[in-house]
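Here is what each chain is made of, one letter per residue.
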Amino acid sequence: MTRRSVRIAAVLSATGVLAGGSLAQAYSSTSADSGGARHRAAAKHVLLVSVDGLHQSDLAWYVAQHPQSALARLVGDGVEYTHAKTVSPSDSFPGMVAQVTGGGPGTTGIYYDDTYDAALLPAGTTHCKGVKPGVEVDLTEDLDKDKASLDAGQGLTGLPASILSMTGRPVALLDPAKLPVDPKTCRPVYPHSYLQVNTAFEVAHRAGLRTAWSDKHAAYEILSGPSGTGIQDLFTPEINSAALGYPAGNDWTNDNKATEQYDSYKVRAVVNEIDGYDHSRTHKVGVPAIFGLNLQSVSTAQKLTVSDGLKGGYAAKNVPGPLLAKNLDFVDHQIGALSDEIRREHLAGSTTIILSAKHGQSPTDPAELTRVNDGPLLDGLNAAWKKLHPAAGDLVAHSVDDDAMLLWLNDRSRATTEFAQKYLMAQSGTGTDINGGRKGFTHGGLSKVFAGQAAARYFGVKPGDSRVPDILGVAQYGVVYTGGTKKVAEHGGAHADDLNVPLVVSGAGTPSGVRDRTNVQTKQIAPTILSLLGLNPQSLQAVREEHTQVLPGH
């Protein structure tokens, strides 16, 4: 890797760490539960920006095409980790949770945004004795009191213009009747209490620092951690609500221009926070120590076949098409707006900006796309099972199939998981290509299947874990599970296109002009944030369990 050694030595000396080490070493003698203690803070504020779908190749392409852009300045003023990977499955929830906990799905217990737990009871259960466990755990818009409304059911008037008045405590907008139930307490399990480990927000809040975040569903209150108090100001306009001002029946993700408008609300919220207000600009509360947002518009530009008269997806391998190129301009403008506001508020010398992504998107080569309808595959699996077991019900209790296949089975025995594995790998059929033409597939569109104990080992949990999928199918490159032709990309899988995301750390406490080719993971963001703020990375449970390291040079 290439480094400006003099600048690095100066930065590391200022933070009390010798060249070649990391801030993690500065905490080796500090107890793991002393998160409130401050040490050698390199920054007062860390702004985290997560851009769904963004690949490292997209960032490199854009910077090469626009060397004077805000993204180019961000990269030039910091460390660009060119070999960074998000977690597998590469979904929004495990991806974002990893960034703020330091752990993967096996440790956090978060495998996807819509999963299954064999130990919890169905939503709405009020008398728990004798109730059979096993329930879908839905962390999507379905939990909202009103998922059709941008404010998730708060009841604001004048939407969408009034959306910044949305509450900073969105847990109140979740419908408890839609939540799974804990058999021990017979009470609903909220997202934050479903998370198995603490978060960087919790550590910072416990240390007396202010915290804020903005994301796409009220269920992202999960990021507050098991205490439920980690994020003091959480702004979560519902992205899958009706997009006001756009054709009826569309949500904000069905039109890329609508997604950009939606993202702009979250950017305005963060600008307000940079100025020292809460997200609504109602109360002067001080600039948060940890804050930031998720942007969605790159993801829709990659997925949509066409939007606003522009073709979506990629023109060729790793070459953004017209809609995606336009949207990268939009993201660059938003990064520029945030960076400019930081400078206007004289915070540049005390603020570190981290840019990454919850997940990538696959395929980036349009010629490789094969759309496969997963419905007949699962129907066939259930039918084959019932043919052998006439008295049995469906074998599949729950499934999530994007560009991977995650199945939870009603019978979790070794014989049954092997049966499902063999059945899926024996299937062939016809899907569609990038132009909607017929395209054959084999092995159920899968390259490999981890079944039963193998799936548990993949995630590092014990066999029989109540949350782990019974079947993890790794899709063949280019396979997207969908019954229609409206998507040209998806995420959730374990291909390079799903996993290879950007990771840039820029600003206070960071050397400039560095391209680091070390293999790193986005879960290293969490301990790095705490290190920059002078807090103990070992305060994070997942960091201790997985031995997650602070990013090199920080």
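Model, not experiment: these values are computed from the prediction.

Asker: If you had to explain the nonpolar core to someone new, which residues and values would you point to?
Answerer: A general feature of soluble globular proteins is that nonpolar side chains tend to end up buried together. Residues Trp213, Ile222, Leu223, Ile354, Leu503, Ile529 and Leu533 are the most contacted members of the largest nonpolar core, which totals 55 residues. At the level of secondary structure, the elements contributing two or more residues to this core comprise strand 1 (45–51), strand 2 (78–85), helix 4 (92–101), strand 4 (135–138), helix 7 (200–206), strand 24 (514–521), helix 15 (525–532) and helix 16 (541–546). Tallying contributions element by element places helix 15 first for this core, with 5 residues. Filtering out sequence-adjacent residues up to four positions away, Ile222 remains in contact with Phe93, Val97, Ile110, Leu139, Pro191, His192 and Leu195. Core analysis: the next-biggest nonpolar cluster, separate from the first, contains 35 residues, Val75, Ala301, Leu338 and Ile342 among them.

Asker: Can you lay out the environment of Glu141 for me, pointing to particular residues and giving the numbers?
Answerer: Positionally, Glu141 belongs in the loop between strand 4 and strand 5 (181–182). On the accessibility criterion, Glu141 (18% relative accessible area) is buried. Separated by 229 residues in the primary sequence, Glu141 and Thr370 place their C-alpha atoms 28 Å from one another. In this structure Glu141 touches Lys147, His217, Glu238 and Asn240, once residues within four positions along its chain are discounted.

Asker: Outline the packing of aromatic side chains, listing residues and values.
Answerer: The geometry of an aromatic ring pair comes down to the distance between the two centres and the angle between the two planes. Counted by the stated rule, this structure contains 9 aromatic pairs. Consider the rings of Phe93 and Tyr220, whose centres lie 4.3 Å apart with planes at 25°: the pair is stacked. Placement of the pair is Phe93 in helix 4 and Tyr220 in the loop between strand 7 (212–214) and strand 8 (233–235), with a sequence separation of 127 residues. By relative accessible area, which is 1% here, Tyr220 ends up buried. An aromatic cluster of three or more residues is present, and its members are Tyr111, Phe450, Tyr458 and Phe459. In this structure, Arg467 is placed above the aromatic ring of Tyr194, and the distance from its NZ or CZ to the ring centre is 3.5 Å.

Asker: I'd like a description of the confidence of the model for the chain, backed by residues and values.
Answerer: Per-residue confidence for the chain gives a mean pLDDT of 93, with 93% of residues at or over 70. This stretch, residues 1–36, has a pLDDT under 50; its non-local contacts, to residues over four places away or in other chains, come to 71 contacts.

Asker: Tell me about helix 11 (residues 374–388), and please be specific about residues and values.
Answerer: Every α-helical turn comprises 3.6 residues, leaving residues that sit three or four positions apart pointing alike. The end-to-end C-alpha separation of helix 11 is 22 Å, in line with the 21 Å expected for 15 residues at 1.5 Å each. Turning to helix 11, its buried residues are Asp374, Leu377, Leu378, Gly380, Leu381, Asn382 and Trp385. In this structure, the buried residues of helix 11 make contact with strand 15 (370–372), strand 16 (396–401), strand 17 (404–409), helix 12 (414–425) and strand 22 (479–481). The N-cap residue of helix 11 is Asn373: its side-chain oxygen and the backbone nitrogen of Gly375 are 3.0 Å apart.

Asker: Can you break down the state of the cysteines residue by residue, with the values?
Answerer: Enumeration according to the criterion identifies 1 disulfide in this entry. Between the sulfur atoms of Cys128 and its disulfide partner Cys186 the distance amounts to 2.0 Å. Taking the sign of the S-S torsion, 95° for the link of Cys128 and Cys186, the bridge is right-handed. Taken together, the residues Cys128 in the loop between strand 3 (114–117) and strand 4 and Cys186 in the loop between strand 5 and strand 6 (187–188) connect sequence positions 58 residues apart.

Asker: Please give an account of the sheet that holds strand 17 that cites residues and values.
Answerer: Taken in spatial order, the 4 strands make up an open sheet running 16-17-21-20, and their pairing is antiparallel. The sheet is open, and its two borders are formed by strand 16 and strand 20 (446–451), each paired with just one other strand. Going across the sheet, the axis of each strand differs from the next one's by a mean of 15°, ignoring polarity. Strand direction decides the pairing type here: strand 16 and strand 17, joined by 5 bridges, are antiparallel. Bridging across to strand 17, Val400 finds its partner in Leu406. Sheet strands touched by helix 11: strand 16 and strand 17. Its angle to strand 16, the strand with the most contacts, is close to 160°. Sitting on the sheet, helix 12 touches strand 17, strand 20 and strand 21 (471–475), and the angle it makes with strand 20 is about 175°.

Asker: I'd like a description of the side chain of Thr432, backed by residues and values.
Answerer: Within the secondary structure, Thr432 sits in strand 18 (residues 429–432). The exposure class of Thr432 is buried, given its relative accessible area of 19%. Apart from residues no more than four positions distant in its own chain, Thr432 is found in contact with Leu369, Thr370, Arg371, Gly437, Lys439 and Thr485.

Analysis parameters
- Residues numbered from 1 in each chain as written.
- Predicted model: local features only at pLDDT ≥ 70, side-chain atom pairs only at ≥ 80, totals over all residues.
- Heavy atoms only, no water.
- Core = buried A, V, L, I, M, F, W, Y, C linked by side-chain atoms within 4.5 Å.
- Buried < 20%, exposed > 50% of the residue type's maximum accessible area, 1.4 Å probe, protein only.
- Helix = DSSP H or I, 4+ residues; strand = E, 2+ residues; numbered from the N terminus.
- Contact = heavy atoms within 4.5 Å.
- Phe/Tyr/Trp six-rings, centres within 6.5 Å; stacked < 30°, edge-to-face > 60°.
- Lys NZ or Arg CZ within 6 Å of the ring centre and 35° of its normal.
- pLDDT = per-residue confidence, 0-100.
- Expected span 1.5 Å × (residues − 1).
- Polar contact = N/O pair within 3.5 Å; in protein donor to acceptor, adjacent residues only side chain to side chain.
- Disulfide = S-S within 2.5 Å.
- Pairing = 2+ DSSP bridges.
- Axes fitted to C-alpha atoms, helices over the stretch in contact; angles between N-to-C directions.

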